[in-house]
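# Geometric and topological summary
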Amino acid sequence: MKLFYKTCAAAVLLTVLAVMFAPGVDDFVEQTFQRYLGRAAS
């Protein structure tokens, strides 16, 4: 279970760093979250 939490933390950290330093990644991340949230809402 600890591996799961470490993997989640690493994924969040990598996403934050990518959004901060790579142009265009924030749009991709936003579209991805909207897709998943749209599926969960319906």
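In this text the structure is predicted, and so the values were computed from the model without any measurement.

## What to know about the overall build of the protein
Within the protein, the regular secondary structure consists of 2 helices and 0 strands. Along the longest, intermediate and shortest principal axes, the C-alpha atoms of the protein span 30 × 30 × 5 Å. When each of the 42 residues of the protein is scored for burial, the buried share is 5%.

## Section: the packing of aromatic side chains
Centre distance and the angle of the planes are the two values used to describe a pair of aromatic rings. In this structure the tally under the stated criterion is 1 aromatic pair. Taken together, a centroid distance of 5.6 Å and an interplanar angle of 65 degrees make the contact between Phe4 and Tyr5 edge-to-face.

## A closer look at the packing of helix α1 (residues 2-21) against helix α2 (residues 25-41)
Interaxial distance between α1 and α2 falls to 7 Å at its minimum, and their mutual angle equals 135 degrees. As far as their axial angle goes, α2 and α1 are oblique. Every residue of α2 that contacts α1 at Thr15, Ala18 and Val19 is listed here: Val25, Asp26 and Val29. For the contact of α1 with α2, a count of residues per class yields 4 nonpolar, 1 polar and 1 charged.

## Comments concerning the environment of Phe33
Along the chain, Phe33 falls in helix α2. On the accessibility criterion, Phe33 (52% relative accessible area) is exposed. Spatially, the C-alpha atoms of Phe33 and Leu13 are 16 Å apart, while their sequence positions differ by 20 residues.

## Topic: a nonpolar patch on the surface
Where nonpolar side chains cluster on the molecular surface, the patch consists of Val12, Leu13, Val16, Leu17, Met20 and Phe21 and spans about 620 Å² of accessible area. Following the sequence through the fold, Leu13 ends up in helix α1. Since its relative accessible area comes to 52%, Leu13 is described here as exposed.

Quick notes on the rules
- Residues numbered from 1 in each chain as written.
- Predicted model: local features only at pLDDT ≥ 70, side-chain atom pairs only at ≥ 80, totals over all residues.
- Heavy atoms only, no water.
- Helix = DSSP H or I, 4+ residues; strand = E, 2+ residues; numbered from the N terminus.
- Buried < 20%, exposed > 50% of the residue type's maximum accessible area, 1.4 Å probe, protein only.
- Phe/Tyr/Trp six-rings, centres within 6.5 Å; stacked < 30°, edge-to-face > 60°.
- Axes fitted to C-alpha atoms, helices over the stretch in contact; angles between N-to-C directions.
- Parallel < 35°, antiparallel > 145°, perpendicular 65-115°, else oblique.
- Contact = heavy atoms within 4.5 Å.
- Nonpolar A, V, L, I, M, F, W, Y, C, P; charged D, E, K, R; others polar.
- Patch = residues over 30% accessible without salt bridge, like charges linked within 9 Å, V, L, I, M, F, W, Y side chains within 5 Å.
- Areas by Shrake-Rupley, 256 points an atom, 1.4 Å probe, with all protein chains shown as cover.
- Salt bridge = Lys/Arg side-chain N within 4 Å of Asp/Glu carboxyl O.

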